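Coordinate inspection notes
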Amino acid sequence: MSSIGYEDVTAAAGRIAGDVRPVTLAPADPGAFGPGEGWFAYEFTQHTGSFKARGAANFLAAHRAAGTLPEAGVVIASGGNAGLACAWAAARHGVRATVFVPETAPPVKVARLRRLGADVRQAGTEYATALEASREHVARTGALASHAYDDPLIAAGAGTLLEEIRAALPGLDTVVVAVGGGGLFSGVAVAAHRHGVRVVAVEPENCRALNAAIEAGRVVDVPVDSVAADSLGARRATGMALEWARRSRAVSLLVPDEAILAARRALWDDRRLAVEHGTAAAFAALRSGAYRPAPGERVCVVVCGANTDPSDLVRPGE
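Residues numbered from 1 in each chain as written. Predicted model: local features only at pLDDT ≥ 70, side-chain atom pairs only at ≥ 80, totals over all residues. Heavy atoms only, no water.

**Considering the overall build of the protein chain**
A tally of regular secondary structure across the protein chain gives 12 helices and 10 strands. Taken over C-alpha atoms, the radius of gyration comes to 18 Å for the protein chain, in line with the 20 Å a tight globule of 318 residues would show. Dimensions of the protein chain, computed from C-alpha atoms along their principal axes, come out at roughly 55 × 50 × 40 Å. The proportion of buried residues among the 318 residues of the protein chain is 58%. Across the protein chain, contacts joining residues at least 24 apart in sequence account for 72% of those joining residues at least 6 apart. Put simply, the protein chain shows about 12500 Å² of open surface, and 49% of that area lies on carbon and sulfur atoms. Where the 32 positive side-chain charges of the protein chain centre and where its 33 negative ones centre are 3 Å apart. (Helix = DSSP H or I, 4+ residues; strand = E, 2+ residues; numbered from the N terminus. Rg over C-alpha atoms; globule rule 2.2 N^0.38 Å. Buried < 20%, exposed > 50% of the residue type's maximum accessible area, 1.4 Å probe, protein only. Contact = heavy atoms within 4.5 Å. Areas by Shrake-Rupley, 256 points an atom, 1.4 Å probe, with all protein chains shown as cover. Lys, Arg positive; Asp, Glu negative; His and termini not counted. Charge placed at Lys NZ, Arg CZ, Asp CG, Glu CD.)

**Considering the pairing of strand S10 (residues 298-303)**
Here S10 lies mainly inside the structure; six of its six residues are buried. By the alternation rule, side chains of S10 split into Arg298, Cys300 and Val302 and Val299, Val301 and Val303, which are all buried. Of the pairings in the sheet, the one linking strand S2 (residues 37-42) to S10 comprises six bridges and is parallel in character. By the bridge assignment, Trp39 is partnered in S10 with Cys300. (Pairing = 2+ DSSP bridges.)

**Notes on the packing of helix H11 (residues 257-271) against helix H12 (residues 277-287)**
The geometry of H11 relative to H12 is characterised by a closest axis approach of 7 Å and an angle of 95 degrees between their N-to-C directions. Here H12 runs roughly perpendicular to H11, going by the angle between their axes. Each of Ala259, Ile260, Leu261, Ala262, Ala263, Arg264, Ala266 and Leu267 in H11 lies in contact with H12, whose residues at this interface are His277, Ala280, Ala281, Phe283, Ala284 and Arg287. Here the residues of the contact of H11 with H12 sort into 11 nonpolar, one polar and two charged. (Axes fitted to C-alpha atoms, helices over the stretch in contact; angles between N-to-C directions. Parallel < 35°, antiparallel > 145°, perpendicular 65-115°, else oblique. Nonpolar A, V, L, I, M, F, W, Y, C, P; charged D, E, K, R; others polar.)

**Here we look at the layout of surface pockets**
Empty space within the largest pocket amounts to approximately 580 Å³. Contributing to the lining of the largest pocket are 37 residues, with Ala229, Asp230, Ser231, Leu232 and Gly233 lying nearest its centre. Among the secondary structure elements, those contributing two or more residues to the lining of the largest pocket are helix H3 (81-92), helix H7 (183-195), helix H9 (229-232) and H12. With four residues, the single largest contributor to the lining of the largest pocket is H9. For the lining of the largest pocket, the residue count by class is 17 nonpolar, 16 polar and four charged. Taken as a whole, the second largest pocket spans an internal volume of roughly 200 Å³. In terms of lining residues, the second largest pocket is bounded by 13 residues, among which Leu131, Arg135, His147, Tyr149 and Arg236 are the most central. Among the elements that line the lining of the second largest pocket, the one with the most residues is helix H5 (residues 127-141), at four residues. Of the residues in the lining of the second largest pocket, the class split is six nonpolar, three polar and four charged. (1 Å grid on protein atoms, 1.4 Å probe; cavity = no way out; pocket = protein on both sides within 12 Å on 5 of 7 lines; lining within 4 Å. Points joined across faces, edges and corners; volume = space filled by probe spheres on them.)

**Comments concerning the sheet that holds S10**
If you trace the six strands from one edge of the open sheet to the other, you get S1-S2-S10-S7-S8-S9, paired in mixed fashion. Taken across any chain shown, the strands that pair with only one partner, and hence form the sheet edges, are strand S1 (25-27) and strand S9 (251-255). Strand after strand, the sheet turns through a mean of 25 degrees between neighbouring axes, direction not considered. Pairing of strand S8 (residues 198-204) with S9 involves five bridges; the strand directions are parallel. Looking across to S9, one finds that Pro204 is bridged to Val255. Across the face of the sheet, H12 comes into contact with S2, strand S7 (174-178), S8, S9 and S10 while running at roughly 160 degrees to S10.

**Details of the side chain of Ser146**
Turning to its location among the elements, Ser146 is positioned in the loop between strand S6 (144-145) and helix H6 (152-168). With a relative accessible area of 11%, Ser146 lands in the buried category. Aside from chain neighbours lying at most four places away, what touches Ser146 is Phe59, Val74, Val75, Ile76 and Ile154.

**So, the pattern of salt bridges**
Pairing between side chains of opposite charge can happen when the charged atoms of each approach one another. Across all of its chains, the model carries 14 salt bridges by this definition. With its nearest N and O atoms 3.0 Å apart, the salt bridge here joins Arg247 to Glu243. Pair noted here: Arg247 and Glu243 are both in helix H10 (residues 239-248), with a separation of four residues, about one helical turn. For Arg247, a relative accessible area of 44% gives the class partly exposed. Each of Glu43, Arg54 and Glu164 takes part in a single network of salt bridges with overlapping partners. (Salt bridge = Lys/Arg side-chain N within 4 Å of Asp/Glu carboxyl O.)

**Points about H5**
For the α-helix, the turn length of 3.6 residues means that residues three or four positions removed from each other point alike. Between its first and last C-alpha atoms H5 spans 21 Å; for 15 residues at 1.5 Å apiece the expected length is 21 Å, and the two agree. Those residues of H5 that fall on the buried side of the exposure criterion are Tyr127, Ala130, Leu131, Ala133, Ser134 and His137. Projected onto a plane normal to the axis of H5, the buried residues spread over an arc of 165 degrees and lie on a single side. Along H5, the residues that are exposed and aim more than 90 degrees away from the buried face are Ala139 and Arg140. In the core, the buried residues of H5 are packed alongside strand S3 (74-77), strand S4 (97-101) and strand S5 (119-122). (Expected span 1.5 Å × (residues − 1). Arc of directions from axis to C-beta.)

Here is the structure:
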């Protein structure tokens, strides 16, 4: 099992400095997080609209430095966001990117992938099918395989987000993140553990890969059935995520789709943020009361992606 340590996060920060956008923080309204002091990390303003740019930038930069970028380019399977980030980072390095996505991937993400110059291949209706197709492509072509979340370089790049949040919020107690396969969670948990910050890992009730792994004591396959499945629909979490859930003593929470929908609507109504359903899952944990901060607890919710069609958020007359 591949894993990472804090030194990998700091190395990633050095590689991607100047290539990614520093995270923007915004205070929550008084009382929005109960008795806690709340903040939002607007990581959806990152290149390509999600935190994934951090991992992709680190992955490509590390392989460029090592001389391991083949002429066949890089290939990745993705629900959309990781593919966008890979295509963006590959273009910056002058490398061809082939991206496999499920046929159910949001059209807005597929269209943007093509605008970034990626060769888009659609396969199956779930991420797992697209992943298998990408592996066959690697075997045929010799392209460099990237992964949406199960790669130490990808996870370490994502962990740089926590370093920036903590630098901007001294005394941070808790960070709340949505979890799919566990790349963002793993990187954030590594850095958070180093600094004594609690990590709250939030998943939809019917996309509970990390939660099920913690419960079983090992990585297991889970059903994928949620409004947030396009970005959080991994069938299994990584061994790396399970390791760091244990080591960091992360709080693992589940939220129903109804709470995710309500949180997404609230972010639009109150802040005019049009985010993905998966992104809204993190805020749903606080808004629904699944996570209740202690008085004075300094909490930051990661708003991690906004590659979505906002038309269902706009009411007639707005």
